[in-house]
Each structure stands twice: as C-alpha cells, then as structure tokens.
Amino acid sequence: MMSDRPAPFQQPYDRAYEQMLEKVRYDGAYATRERAEDAVRLVLAGLGRQLTGDERVELAARLPFEAARILTAQIPDTRELTGWAFVKDLAARTGASQATTRWDTGSVFAAVASCAGPDLLTRILRQLPPGYALLFGRAELTPAA
C-alpha cells in the first residue's frame, strides 16, 4: 500500500561538519568517510560524557552543528576518567583495540582542537583529569614536586 505522505526530508550535514569529517579522514588516514564519521561520533560522545560547565557550552558553540549535537546529547558521567581510562572505556564500548581507539581519539581531538582554539582548549584541559593533553596533541607538563 502506498502512502500519500512524502518521505521525510533528510537534511544534509552542513559544510562545516563535512570539512571536519574530511580533516579527521585525512589526519587519521581513514579509507572511507564513513570510518572517519564513526570515529567522530564515538569520540565526541565520549568527550560529552566527560566535559561539563562553561567549557562544554563554549566548545559546542564552536563545533559544527552536527558535532555539537553529538557532544551535547550525552549526559555527563559522574566518574571522571583519566585520558588513558577514556581510551580504554571507548575501546570497551566498541570492541576495538586500545591502539585503534587511541588513534581514533587523537584524530578526532585534533579536529576538535582546531575548532576550539588554543585558549578554550587550555581551559578544557584544566577541567579534565590528567592524560588528555597528549590525546589533544599537547605536552602534558606536571608541576615539580
């Protein structure tokens, strides 16, 4: 039986999100755009579970709409994960190896850092537990004892 209702309109991703996916695809050396998008969705959802407050809101405002939607759709987790625990958690959720998940995380975080800018990224890294700076491609300096 045919319906007279038209199919729902599929809004294409905005150009900024497409560019973000291409950056992740290129930086991560992914064979397909779909693989890059899988990495973006996984990592942004994970970050959305860790990031709170003004930094979360400001980052969402700077990300392409679809990326911001993925980030903000997550309810922040009450347990803070170090950078390495973050990678292990994502790997456990997908069944991928920790090495592959670490690669995915670095590839996506490079694109996120470009959107955030250096000042916001510094504030984000101050909020998150140790271990995230390296995932974002920054040195992680610790104060002398």
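Below: a short report on this structure. (Residues numbered from 1 in each chain as written. Predicted model: local features only at pLDDT ≥ 70, side-chain atom pairs only at ≥ 80, totals over all residues. Heavy atoms only, no water.)

Some remarks on helix H3 (residues 53-62)
- Along H3, the positions that sit buried rather than exposed are Glu55, Arg56, Leu59 and Ala60. End-on view of H3: buried residues confined to an arc of 130°, all on one side of the axis. The outward face of H3, more than 90 degrees from its buried face, is lined by the exposed residues Asp54, Val57 and Ala61.
- Residues of H3 that are buried in the fold lie against helix H2 (33-50), helix H4 (65-72), helix H6 (98-116) and helix H7 (118-127). (Buried < 20%, exposed > 50% of the residue type's maximum accessible area, 1.4 Å probe, protein only. Helix = DSSP H or I, 4+ residues; strand = E, 2+ residues; numbered from the N terminus. Arc of directions from axis to C-beta. Contact = heavy atoms within 4.5 Å.)

Quick look at the packing of H3 against H4
- At their nearest, the axes of H3 and H4 sit 7 Å apart, and the two run at 155° to each other. Taken together, the axis directions place H3 and H4 in an arrangement best described as roughly antiparallel. For the pair H3 and H4, contact is made by Arg56, Leu59 and Ala60 and by Ala68, Leu71 and Thr72, respectively.
- Classifying every residue of the contact of H3 with H4 by side-chain character gives 4 nonpolar, 1 polar and 1 charged. (Axes fitted to C-alpha atoms, helices over the stretch in contact; angles between N-to-C directions. Parallel < 35°, antiparallel > 145°, perpendicular 65-115°, else oblique. Nonpolar A, V, L, I, M, F, W, Y, C, P; charged D, E, K, R; others polar.)

Looking at empty space enclosed by the protein
- In this structure the tally under the stated criterion is 1 cavity of 30 Å³ or more.
- Computed from the structure, the largest cavity encloses a volume of approximately 30 Å³.
- Around the largest cavity, the lining residues are Gly46, Arg49, Gln50, Asp77, Arg79, Leu81, Phe86, Asp89 and Arg93.
- Secondary-structure elements contributing two or more residues to the lining of the largest cavity are H2 and helix H5 (83-94). (1 Å grid on protein atoms, 1.4 Å probe; cavity = no way out; pocket = protein on both sides within 12 Å on 5 of 7 lines; lining within 4 Å. Points joined across faces, edges and corners; volume = space filled by probe spheres on them.)

Here we look at the environment of leucine 90
- Mapped onto the elements of the fold, leucine 90 is located in helix H5.
- Owing to a relative accessible area of 0%, leucine 90 belongs among the buried residues under this scheme.
- Each C-alpha atom, one on leucine 90 and one on valine 43, is 7.5 Å from the other, the two residues being 47 residues apart in sequence.

Things to note about unusual backbone geometry
- Despite not being glycine, alanine 29 has its phi angle at roughly 55°, a positive value.
- When its relative accessible area of 63% is taken as the criterion, alanine 29 is described as exposed.

Examining the environment of glutamine 74
- Residue placement: glutamine 74 occurs in the loop between H4 and H5.
- Given the relative accessible area of 22%, glutamine 74 is considered partly exposed.
- Put simply, glutamine 74 and glycine 46 are 28 residues apart on the chain and 8.0 Å apart in space, counted from C-alpha to C-alpha.
- Sequence-distant contacts of glutamine 74, defined by excluding residues within four places in its chain, comprise Ala45, Gly48, Arg49 and Arg56.
- Here the side chain of glutamine 74 touches arginine 49 through a polar contact of 3.2 Å, side chain to side chain. (Polar contact = N/O pair within 3.5 Å; in protein donor to acceptor, adjacent residues only side chain to side chain.)

Interpretation in functional terms is not warranted from these geometric data alone.
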